[in-house]
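Now for the letters of each chain:
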2 protein chains.
Amino acid sequence: MIETPYLLFLGDAQDQLAAKVAQGIKDWRPENAVGQLRLPGCKADVGLQDMTLQQAREAGAQTVVIGVANRGGVISKEWRAVLVEAIEAGFDLASGLHNLLRDEGDLVAAAQVHGRTLHDVRVPTDAYPIASGVKRSGKRVLAVGTDCSVGKMYTALALDAAMRARGMKSTFRATGQTGILITGSGVPLDAVIADFMAGSVEYLTPDNDADHWDIIEGQGSIFHVSYSGVTLALIHGGQPDALILCHEPTRKHMRGLPDFAVPTIESVRDITLQLAHVANPACKVVGVSINTQHLGDAEATAYCKEVEARLGLPTVDPFRHGADRLAEALAAL
Amino acid sequence: MIETPYLLFLGDAQDQLAAKVAQGIKDWRPENAVGQLRLPGCKADVGLQDMTLQQAREAGAQTVVIGVANRGGVISKEWRAVLVEAIEAGFDLASGLHNLLRDEGDLVAAAQVHGRTLHDVRVPTDAYPIASGVKRSGKRVLAVGTDCSVGKMYTALALDAAMRARGMKSTFRATGQTGILITGSGVPLDAVIADFMAGSVEYLTPDNDADHWDIIEGQGSIFHVSYSGVTLALIHGGQPDALILCHEPTRKHMRGLPDFAVPTIESVRDITLQLAHVANPACKVVGVSINTQHLGDAEATAYCKEVEARLGLPTVDPFRHGADRLAEALAAL
């Protein structure tokens, strides 16, 4: 668990996109962030109050979260100076960067002296069990995709928000770096040892109230040969009661795999359901989430209508249309 | 790569079964072992010449392989004394035990002083890539099972031997501890980080002659919820041209999962083929391997005949009947 609330460090972000982790926190857990800290030359702004370290401490912030991608694969001298100062001011640090905070000698030394914690959310910290397959109480829904990076995390977060707005009990369960930073906890599934993948998903989604939903963030795709094993561990460890199918209609080929065509939504539905029934024979596909960011409004609506007619399932772009219809489908299950 | 030939250390094995790693080496790669070393009280014998460390060195042995399970999860004082002596005599050590050689201070110290290597084959040593999915030359066959521990390694080793006997080009590719010790190399797939699983299988089975077969050792089962992700990484990383279905007909439930029924061979065939076609649309199921160790001779033969008629595929127990018919099926592909 990363202590909240956060001060979001945007560094010297070269554009808005570089700060997408900070933007995700601001969009989905605004109560987790008291402000943003920007260095000279920063070209991103997530719309929070600019604060010094001291102001953020006074506002109650506990952790400085690195909400920005670093350049050139190094943590620069300018960043390090601020991060050391943050530790000295009493902050923990949290980061999803490939470069680990724990590999930076000055940060480690400062954290030791001042009794603070460095959270590298790419690295698993818990000893996960081997999956037992034992049926757990409570309900679970998993987002699965035709490809990587088609909007599974966004769909899960939007669904979680829509369910809470309806008064349903729901918890977003993060399985990747960004999701973990947004919510403060989760499992960095792509970094877990093979034998413990499904067990880590069981650990993440334990017994719960009968009417509680875990909204499990998906990873990869059953059709993505580089990461399909991770996806299957989510399907079998998560033992979902419901699946949401996620798709991006303008993708030319599987991400990073130019020789691989994107499968149809129907083929993802069919094979995922077969696999899901091994862990939970009652699992159903309840809806479709389309990422229409590259389509115009009319096109987007027409595409969703066409898929809805074809599959007979509520089909929305949660970003354009909200996730209410998906939440409704879960409520009706 | 572990340097061969080996001296097989049987320690104080409490029974023959405890020495199954040594037995596997003796059975499948007898040219890799010059002899066996037994301590007082050892109740196992793999049928090799008993040798002292000195005799084994003179016979050319390079590595002492721990071919026996340890008791109580510790490397005993008696073992350590012999292993230190082995290092001093110029041997490398290799082990698939959960307790790592590298965690034993006296072994590490001796290895450093004498310039020898400690191989813990449970721990990956190479930096594996993320899978690219690019089609590789040469052919690959993968053993897949209805459950864990149904004879996939045995089937693969027997198939490799039968293919070599027919003059075919073939290489057994180990993906587990025992297989790695038998052949001296491989990938300990269950210990690989999730994101690199499929890539490690690509790494293990690189481009090869057009008429060369990699015989890939299977792991887990698509139907075993604890390990199915590992199995799918083998299917997608291995991009097999052929699959052998492995089954143990007396299993009451999935290994370690009392609530899970063992699937039919047909359901494993159907779902595995669908998944395999993502990576290699030409993949075919070519045969069935039945582990009949708990059946009598007549029963075993009748069972294989019945499966053969039902599935229309050559069906054998490689231990009872040999793997020739499976090799023939691959040769005909």
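What counts as what
Residues numbered from 1 in each chain as written. Chains lettered and ligands numbered in written order. Predicted model: local features only at pLDDT ≥ 70, side-chain atom pairs only at ≥ 80, totals over all residues. Heavy atoms only, no water. Pairing = 2+ DSSP bridges. Helix = DSSP H or I, 4+ residues; strand = E, 2+ residues; numbered from the N terminus. Axes fitted to C-alpha atoms, helices over the stretch in contact; angles between N-to-C directions. Contact = heavy atoms within 4.5 Å. Buried < 20%, exposed > 50% of the residue type's maximum accessible area, 1.4 Å probe, protein only. UniProt positions renumbered as here; feature names shortened; annotations may be inferred. Core = buried A, V, L, I, M, F, W, Y, C linked by side-chain atoms within 4.5 Å. Domains from an automatic or database assignment. Buried area = accessible area lost by both parts, 1.4 Å probe. Salt bridge = Lys/Arg side-chain N within 4 Å of Asp/Glu carboxyl O. Polar contact = N/O pair within 3.5 Å; in protein donor to acceptor, adjacent residues only side chain to side chain.

## Describing the sheet that holds strand E1 (residues 6–11) of chain B
Residues and elements named next belong to chain B.
Then comes step 1: The five strands are arranged E2-E1-E3-E4-E5 in an open sheet whose pairing can be described as parallel. If you trace the sheet from one side to the other, it starts and ends with strand E2 (33–38) and strand E5 (118–120), each paired once. Taking each pair of neighbouring strands and ignoring which way they run, the sheet shows an average axis angle of 20 degrees.
Then comes step 2: With three bridges joining them, strand E4 (residues 92–95) and E5 adopt parallel strand pairing. Its bridge partner lying in E5, leucine 93 is registered against leucine 118.
Then comes step 3: With respect to the sheet, helix H1 (residues 20–28) is in contact with E1, E2 and strand E3 (63–66), its orientation differing from that of E1 by roughly 150 degrees.

## Quick look at the pairing of strand E8 (residues 212–216) of chain B
Residue and element names in this part refer to chain B.
Then comes step 1: Of all five residues making up E8, five are buried, and the element is well covered by its neighbours.
Then comes step 2: For strand E6 (residues 139–145) and E8, the ladder comprises four bridges, and the chain directions are parallel. What sits directly across from arginine 140, in E8, is aspartate 214.
Then comes step 3: Where strand E7 (residues 169–173) meets E8, five bridges bridge the pair, whose relative direction is parallel. Looking at E8, one finds that lysine 169 is bridged to histidine 212.

## A closer look at the UniProt feature "domain: D-glutamate N-acetyltransferase-like C-terminal" (unreviewed entry) in chain A
Then comes step 1: The feature "domain: D-glutamate N-acetyltransferase-like C-terminal" (unreviewed entry), as given by UniProt, occupies residues 130–326 of chain A in the numbering adopted here.
Then comes step 2: Along residues 130–326 of chain A the backbone is 39% helical and 16% strand, and the end-to-end C-alpha distance reaches 32 Å.

## A word on the nonpolar core
Then comes step 1: By size, the foremost hydrophobic cluster in this structure holds 83 residues, and its most contacted members are Ile222 and Leu275 of chain A together with Ile222 and Leu275 of chain B.
Then comes step 2: Looking at this core, the element that brings in the most residues is helix H9 (residues 265–279) of chain B, giving eight residues.
Then comes step 3: The residues touching isoleucine 222 of chain B, leaving out its near neighbours within four places in the chain, are Leu232, His236 and Leu275 of chain A together with Ser228, Thr231, Leu232, Ile235, Ile271, Thr272 and Leu275 of chain B.
Then comes step 4: With 73 residues, the next largest nonpolar core counts Ala18, Cys42, Ile66 and Ala323 of chain B among its residues.

## Considering the domain arrangement of chain A
All names here are of chain A.
Then comes step 1: The domains assigned to chain A are domain 1 (6–120) and domain 2 (139–332).
Then comes step 2: The straight-line distance from the C-alpha centre of domain 1 to that of domain 2 is 29 Å.
Then comes step 3: Interface area for domain 1 against domain 2, summed over the two sides, is near 970 Å², with a carbon-plus-sulfur share of 68%.
Then comes step 4: On the domain 1 side of the contact with domain 2, Val21, Trp28 and Arg29 bury the most area, a combined 60% of that side's loss.
Then comes step 5: Our count for the contact surface shared by domain 1 and domain 2 stands at one salt bridge.
Then comes step 6: Counting across the interface, domain 1 meets domain 2 through four residue pairs in polar contact (both at pLDDT 80 or more).

## Overview of the side chain of aspartate 241 of chain B
Then comes step 1: For aspartate 241 of chain B, the position within the fold is in the loop between helix H8 (228–238) and strand E9 (242–247).
Then comes step 2: With residues near it in sequence (within four places) discarded, aspartate 241 of chain B still touches Lys135, Gly138, Lys139, Arg140, Trp213, Asn280, Ala282, Cys283, Lys284 and Leu333 of chain B.

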